[in-house]
Amino acid sequence: MKKRLHEILNTQISRRETVTAAAKIGSAVALSNAISLPFSAIAEAVPETASVNNAEAVRHSACLVNCGSRCALKVIVKDDRIVRIEPEDAINDTVFG
């Protein structure tokens, strides 16, 4: 283990290899920003026309945990407070667009 670590730490990298690696990383970052995900990075609550009942309203959002996914969520709100959160069944995709 020490020998392998010593080999890694003493590896010589040329300037050309450094510039090439930096260019590849920069290109990957630029491409990842250009890819459009189905949900924006900042989820905004948008009221749905239909409500669960007279006192509760459904808002749409997305889970923004660091897994990289944007799982669709239905947020049930009553008196401006979140009552519960349910997974979105995605029957009507127009609420996201």
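Look up: the structure comes first, before these words.
Here's what I pulled together on the structure shown here. (Residues numbered from 1 in each chain as written. Predicted model: local features only at pLDDT ≥ 70, side-chain atom pairs only at ≥ 80, totals over all residues. Heavy atoms only, no water.)

Here's the deal with the side chain of glutamate 88
This is how the line gets drawn: Strands are runs of DSSP state E lasting at least 2 residues, helices are runs of H or I lasting at least 4, and numbering of each runs from the N terminus. Between N or O atoms, a polar contact is any pair within 3.5 Å; within protein, one atom must be a potential hydrogen donor and the other a potential acceptor, and residues adjacent in sequence are included only when both atoms are from side chains.
As for its placement among the helices and strands, glutamate 88 is situated in the segment after strand E4 (81-87). A distance of 2.8 Å separates a polar atom in the side chain of glutamate 88 from a polar atom in the side chain of histidine 60.

Let's talk about the pairing of strand E3 (residues 72-78)
For a regular strand, side chains alternate in direction, first toward one face of the sheet and then toward the other. In plain terms, the rule: Here's how the labels work: a residue is buried when its accessible area is under 20% of the maximum for its type, exposed when over 50%, partly exposed in between, all with a 1.4 Å probe on protein chains only. Note on pairing: DSSP must find at least two bridges between two strands before they are called paired.
In terms of burial, E3 is a largely internal element, five of the seven residues being buried. Here strand E2 (residues 56-62) runs beside E3; their pairing, made up of seven bridges, is antiparallel. Following the sheet pairing, valine 58 is matched in E3 by isoleucine 76. In the sheet, E3 pairs with E4 via six bridges, with the strands oriented antiparallel. Bridged to lysine 78 within E4 is arginine 81. Where E3 hands over to E4, the hairpin turn is made up of two residues, of which aspartate 79 adopts a positive phi near 55°.

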